Amino acid sequence: MHRLLGSAVFYLATVAAALAQSPVQRGEYLVNSILNCGNCHTPRGPEGASKPFAGGNLFETPAFKVYTSNLTPDKETGIGNWTAEQIKAAIMKGVRPDGTVLAVMPTAYYTVLTPRDADAIVAYLRSLKPIKNKIPTPEYKVALKPELTPPPMGKISRKARRGYYLATIGHCMECHSPREKGVSLVSSQMGVGKHEFTGPWGVSVSRNITSDKEKGLGNWTDAEIKRAITQGVSRNGDKLKPPMGYSAYAKMTDKDLSDLIAYLRTVPAKQ
Ligand code: HEC
Ligand code: HEC
């Protein structure tokens, strides 16, 4: 009886805490932890600290040469003149107000954002300090199509479904699924890794995070998975390389991390 009462009180306290959070606070939490928008949108290197979210990082493939956008509310070089609907359409539909399709943005993953969280992200971006940072014009060599299909979710528990939401808006599976000729193989090889990243850190290759006992996380403890995600330390103690944003994930609440791990346990084993 007391236990039941205790957990009911705890539950109400959690709901109250979530409601007490303003949209800007919710947006700040999401953007700087699981979403980690700054990983792409904050200038790399020492400049980043003074110019958060001011954009300018280059992404180049045979299909395009683009630079991450300035997400601050600067009216001239940022998104200060965009309406909330236009900002949400860029994030969740992958299109600019002028109709051009955005490259690189993990739009398919953002399609699952709840209306409340999408509004919170916009509220937070609008609360940022405007920074003047002119971004070079993007070049597209082929017409792009927005990707709008999020990764599949099986029949899983309520806790794991919350974790699926977090893993999806965090685009874990975008980085942790292989690509072939620029196309993600997330629908057939979700979580097997093998996606290569080149940067100042050299080359890193994402690893298998399916529930496979041999190649994946199947035999890891929750604590080991949590340490890898938040501290960038693999099961054997090896230091993990970027671009995964370990320090951003370290800002996640214990409940969110625990739900995320519950979801990873349900990802079908694949080698
Ligand atoms: C993997 C890197 C990556 C991540 C993660 C990412 N973005 Fe982007 N984003 C880009 C790139 C690159 C562009 C510019 C694409 C182009 O020019 O075609 C862009 C463009 C945008 C634009 C269009 C703005 C404009 O002026 O054109 C918005 C808005 C945006 N991103 C918001 C976000 C938000 C909010 C998040 C986090 C929820 C996020 N992005 C996460 C790479 C990323
Ligand atoms: C921007 C790409 C990127 C994103 C986003 C990303 N990862 Fe990673 N992750 C990597 C790379 C690359 C490695 C391997 C680094 C290395 O080998 O040094 C890695 C390593 C890991 C490891 C360690 C596995 C092992 O065998 O040591 C785990 C666990 C992991 N990621 C889980 C996640 C989860 C969960 C998410 C979403 C919250 C996520 N990752 C998001 C790129 C990413």
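An account of the accompanying structure is given in this report. (Residues numbered from 1 in each chain as written. Chains lettered and ligands numbered in written order. Predicted model: local features only at pLDDT ≥ 70, side-chain atom pairs only at ≥ 80, totals over all residues. Heavy atoms only, no water.)

**A word on the packing of aromatic side chains**
Each aromatic ring pair is described using two quantities: the centre-to-centre distance and the angle formed by the ring planes.
So, step 1. One pass over the full model with this rule turns up 2 aromatic pairs.
So, step 2. When the centroid spacing of 6.2 Å and the interplanar angle of 85° are considered together, the rings of Phe 53 and Tyr 124 count as edge-to-face. Placement of the pair is Phe 53 in the loop between helix 3 (38-41) and strand 1 (58-61) and Tyr 124 in helix 6 (residues 115-127), with a sequence separation of 71 residues.
So, step 3. Between the aromatic rings of Tyr 164 and Tyr 263, the centroid separation amounts to 5.6 Å while the plane-to-plane angle is 75°, which identifies the pairing as edge-to-face. Pair noted here: Tyr 164 is in helix 7 (residues 158-169) and Tyr 263 is in helix 12 (residues 254-264), with a separation of 99 residues, a long-range link. Like Tyr 164, the residue Tyr 263 is buried in the burial classification. (Phe/Tyr/Trp six-rings, centres within 6.5 Å; stacked < 30°, edge-to-face > 60°. Helix = DSSP H or I, 4+ residues; strand = E, 2+ residues; numbered from the N terminus. Buried < 20%, exposed > 50% of the residue type's maximum accessible area, 1.4 Å probe, protein only.)

**Some details on the coordination of the iron atom of ligand 2**
So, step 1. Around the iron atom of ligand 2, the protein supplies His 176 (NE2) and Met 244 (SD) as donor atoms, at distances of 2.0 to 2.1 Å.
So, step 2. If you look at the iron atom of ligand 2, its 6 donor atoms make angles of 86 to 179° with each other, and the shape they trace is octahedral. Remark: Met 244 occurs in the loop between helix 10 (222-231) and helix 11 (246-249) and His 176 occurs in the loop between helix 8 (172-175) and strand 4 (179-180); sequence separation between them is 68 residues.
So, step 3. Classification of Met 244 by relative accessible area gives partly exposed; the value is 28%. (Donors = N, O, S within 2.8 Å, 3.2 Å for Na, K, Ca; no water. Tetrahedral: all angles 85-135°; square planar, octahedral: opposite > 155°, others 65-115°.)

**Some words on the site of ligand 1**
So, step 1. Inspection of the region around ligand 1 gives 24 residues, with Cys 37, Cys 40, His 41, Met 105 and Tyr 140 positioned closest.
So, step 2. In this structure, an oxygen atom belonging to ligand 1 sits 3.4 Å away from a side-chain N or O atom of Ser 69.
So, step 3. Within the side chain of Tyr 140, an N or O atom sits 2.5 Å from an oxygen atom of ligand 1.
So, step 4. When the residues that make up the shell around ligand 1 are grouped by side-chain class, the tally is 19 nonpolar, 4 polar and 1 charged. (Near = heavy atom within 4 Å. Polar contact = N/O pair within 3.5 Å; in protein donor to acceptor, adjacent residues only side chain to side chain. Nonpolar A, V, L, I, M, F, W, Y, C, P; charged D, E, K, R; others polar.)

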